[in-house]
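# Structure assessment
These are the residues of each chain, in order.
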Amino acid sequence: MLSYWEKQSLLQYDYIILGSGIAGLSTAISLKERLPAARVLVLERALLPTGASTKNAGFACIGSLTEILADLQSLSPEQVTALVTQRRKGLQMLRQRLGDERIGYREQGSYELISEQELPALDQLSAANELLQPVLGGAAFTLVNEYIPRFAFNAQYARALLRNNYEGELHTGKMMRALIDLAIEKKVEIKTGCNAMQVEEIRGGVNVIVKQDATPEEITFHCSRLAICTNAFTKTLLPELDLQPGRGQVLITNLIPDLLFKGIFHMDEGYFYFRELDGRVLFGGGRNLDFAGEATTAFDLNNKIQQVLEEKLRSIILPGRSFTITDRWTGIMAFGPDKQPILRPFSAYIFLGVRMGGMGVAIGSAVGEELAKMMISH
């Protein structure tokens, strides 16, 4: 049972944000930067941020060549450049807000392995560079085939290698730690283990009904404005939203002596990705091997995809090298019919910043900034 004191003083906020991932924390920080006196609360359903923010590979990316060309099959050139602009802006904002050292940001090279069937994409390299030049200020992609033997990839698969000139890498854990620390510094309240079961709009605001892990009792928080930043898990509250979860499979190897490459790497339109991390190889992806099976919010391992990841490690990335897998995990992303996030008012007092399309690291800060502006101005 709640006391009179709790009801009077501990449940009332100006702004509540559901979800303590990149978008949720960025929204809270942006609100406090504009309204330092506002009472801002972030509610997280799990003990740690649950989804993709703490599960991703740490790619500070804007899109590989084959991914950009695939986007141009369904989007106009203007829409594609708008997407890249949004990603570029979000990454710059993240770096400026937190600082490169605090998030472990480095530019050790970003590359894309081009397979035999993808070689025709090189015919469109100049056109893609020309399209993105006004956004990036230079050529997005450079052919660097001479690096293939240096990196010791399987040359039968990697028929060409592209350098992505405007991408970097970061340390996901450090990034999330820095976001949490900054939010606390700004006097944002963060409560974990609070699962929002229902939101109800009332006159002048929103009630958020929360189930705690520690007790069966439901608690109702109240706010003037609510932001929902729960990405793939949003449909539990708003089932009508046009978004679909997409699970990403990840593994990481043991320390590999004398590893010949650093940086981050894309394969197969971005559906596979790998990087050097502290002398290990982190490898993830494969959602395209089982779209239906990976359209889930369950954090289970897909053994078929995990086996493919291991096989590609052996045959393409580390041919002739021995390794063991030390850890495996999954992250849950959210996708839609296009790559635009859902960033809009849902109602008079409820606002949405969801469906990051696997680009939360790149666009989360910008989404949070726009969401905060929207909440304040409405």
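Here, every reference points to the structure presented above.
Report on the accompanying structure.

Rules of the game
- Residues numbered from 1 in each chain as written.
- Predicted model: local features only at pLDDT ≥ 70, side-chain atom pairs only at ≥ 80, totals over all residues.
- Heavy atoms only, no water.
- Pairing = 2+ DSSP bridges.
- Helix = DSSP H or I, 4+ residues; strand = E, 2+ residues; numbered from the N terminus.
- Axes fitted to C-alpha atoms, helices over the stretch in contact; angles between N-to-C directions.
- Contact = heavy atoms within 4.5 Å.
- Buried < 20%, exposed > 50% of the residue type's maximum accessible area, 1.4 Å probe, protein only.
- Expected span 1.5 Å × (residues − 1).
- Disulfide = S-S within 2.5 Å.
- Parallel < 35°, antiparallel > 145°, perpendicular 65-115°, else oblique.
- Nonpolar A, V, L, I, M, F, W, Y, C, P; charged D, E, K, R; others polar.

Here the focus is the sheet that holds strand β12 (residues 244-253). In spatial order, the strands read β5-β6-β4-β13-β14-β15-β12-β16; together these 8 strands make up an open sheet with mixed pairing. A single partner strand is all that each edge strand has here, and the edge strands are β5 (141-143) and β16 (325-335). For this sheet the average axis-to-axis angle between neighbouring strands, irrespective of direction, equals 25 degrees. As defined by bridge partners, β12 adjoins strand β15 (residues 280-285) across 4 bridges and the pair is classed as antiparallel. By the bridge assignment, Gln-249 is partnered in β15 with Gly-285. Of the strands in this sheet, β4 (110-114), β12, β13 (264-267), β14 (272-277), β15 and β16 touch helix α10 (residues 303-317), which is tilted by about 45 degrees from β12.

It is worth spelling out the pairing of strand β10 (residues 205-212) at this point. Among the 8 residues that make up β10, 6 are buried, leaving the element largely enclosed by the rest of the structure. The antiparallel hairpin formed by strand β9 (residues 194-202) and β10 contains 2 residues in its connecting segment, where Gly-204 sits at a positive phi of about 90 degrees. Sheet topology places β10 next to strand β11 (residues 218-228); 6 bridges connect them, and they run antiparallel. Counted as the bridge partner of Ile-209 is Thr-220 from β11.

Before going further, it helps to examine helix α11 (residues 360-377). Structural remark: α-helix, 3.6 residues per turn; residues separated by three or four positions point the same way. For α11, which comprises 18 residues, the first-to-last C-alpha distance of 24 Å matches the rise-based estimate of 26 Å (1.5 Å per residue) to within 8%. With 14 of its 18 residues buried, α11 lies for the most part within the structure.

Scanning all chains against the criterion turns up 0 disulfides. Of the cysteine sulfurs around Cys-223, a residue in no disulfide, the closest is that of Cys-229, at 12 Å. The exposure class of Cys-223 is buried, given its relative accessible area of 0%. Assessed through its relative accessible area of 9%, Cys-229 is described here as buried.

On to the packing of helix α4 (residues 77-98) against α11. Contact geometry for α4 and α11: axes closest at 6 Å, N-to-C directions at 85 degrees. Put simply, α4 runs roughly perpendicular to α11. The segment α4 lies against α11, with Gln-86, Arg-87, Lys-89, Gly-90, Leu-91, Met-93, Leu-94 and Arg-97 engaging Val-361, Ala-362, Ile-363, Ser-365, Ala-366, Glu-369 and Glu-370. Here the contact of α4 with α11 is built from residues that sort into 7 nonpolar, 3 polar and 5 charged.

Turning to unusual backbone geometry, a few remarks are in order. With a phi angle near 50 degrees, Asn-231 is a residue other than glycine that sits in the positive phi range. Tracing the chain through its elements places Asn-231 in the loop between β11 and β12. For Asn-231, a relative accessible area of 15% corresponds to the buried category. Notably, Glu-269 is not glycine yet its phi reads approximately 60 degrees, a positive angle. If you trace the backbone, Glu-269 turns up in the loop between β13 and β14. Overall, the relative accessible area of 35% leaves Glu-269 in the partly exposed class.

Distances and angles like these do not, on their own, reveal function.
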